[in-house]
Amino acid sequence: AGWGSDLLSSYGELIAFIRSRPRFFACHYSGFMFASFIMVGGAAWYPAHMARTFGWDAGKIGLTLGLTLAAAGIAGKLICGYCVDALYRRGWRDAQMRWYATCLVIAAPIGVFATTSDNPWIFLPGVGLVLVLLSPLPACYATSLNLVTPNELRGAGIAFFAATAGLIGMACGPLIVALISDLFLAGPSSIGHAMAIMIAVFCPLAAGILAYGCGAMREAVLEAESVQGG
């Protein structure tokens, strides 16, 4: 009973804190949720797209796509960490949301071009560049949450995001690609074009929402720093 009451109390405090900063949390949750549509939706359908469009077998797909994902993921996290730290040191207290919004804008045309190409050697580097830009999503959403949230609520805050916006993003990304492909497109390249449509819609949408939330993040982080400093 004690553990249960502590859990309810913790989430009750978190909800109250979220309600005290509605613009930041609305933009953070929805912006990163829409971005996860692209990340998870693409990852779920890249192999099927490569098999249908390029005629590659599972072994070739696994090797080339796996190497691309691994290299892009490592590079993306290193670049993101360096650039976000540099922005933060220069006084940009919205560095994580600002950086990720910029990456979404850059990734959109690259992703559309890559997923609509019937050349695997355009598709793979293009997808790799998109992943360099977008793979640091967990680091950006978690760090931006933790900078705003009080120490005692950070664990609950990350868990609450994962159980709400995170799960919605994971569930909807692959589903959106499938629905676009089945309802509006046809042919072996339908998955690629469905991914391109999703990228063209949700990259700018997520970027705009995160950019709109940057001011609220700056205010919230400065307030959190003043509380901790006091």
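Residues numbered from 1 in each chain as written. Predicted model: local features only at pLDDT ≥ 70, side-chain atom pairs only at ≥ 80, totals over all residues. Heavy atoms only, no water.

Caption draft 1: Representation of the layout of surface pockets. There is about 220 Å³ of room inside the largest pocket. If you list the elements that add at least two residues to the lining of the largest pocket, you get helix 2 (22-54), helix 6 (137-148) and helix 7 (154-184). Per-element accounting of the lining of the largest pocket gives the leading share, six residues, to helix 7. A class-by-class count of the residues in the lining of the largest pocket yields twelve nonpolar, three polar and no charged. (1 Å grid on protein atoms, 1.4 Å probe; cavity = no way out; pocket = protein on both sides within 12 Å on 5 of 7 lines; lining within 4 Å. Points joined across faces, edges and corners; volume = space filled by probe spheres on them. Helix = DSSP H or I, 4+ residues; strand = E, 2+ residues; numbered from the N terminus. Nonpolar A, V, L, I, M, F, W, Y, C, P; charged D, E, K, R; others polar.)

Caption draft 2: Spotlight on the side chain of threonine 64. As for its placement among the helices and strands, threonine 64 is situated in helix 3 (residues 58-89). Exposure remark for threonine 64: the relative accessible area of 16% places this residue in the buried category. (Buried < 20%, exposed > 50% of the residue type's maximum accessible area, 1.4 Å probe, protein only.)

Caption draft 3: Looking closely at the environment of cysteine 103. By secondary structure assignment, the location of cysteine 103 is in helix 4 (residues 95-115). By relative accessible area, cysteine 103 is classed as buried at 2%. Along the sequence, cysteine 103 and proline 204 sit 101 residues apart, while their C-alpha atoms lie 10 Å from each other. When sequence neighbours within four positions are dropped, the list of residues in contact with cysteine 103 reads Leu133 and Leu134. (Contact = heavy atoms within 4.5 Å.)

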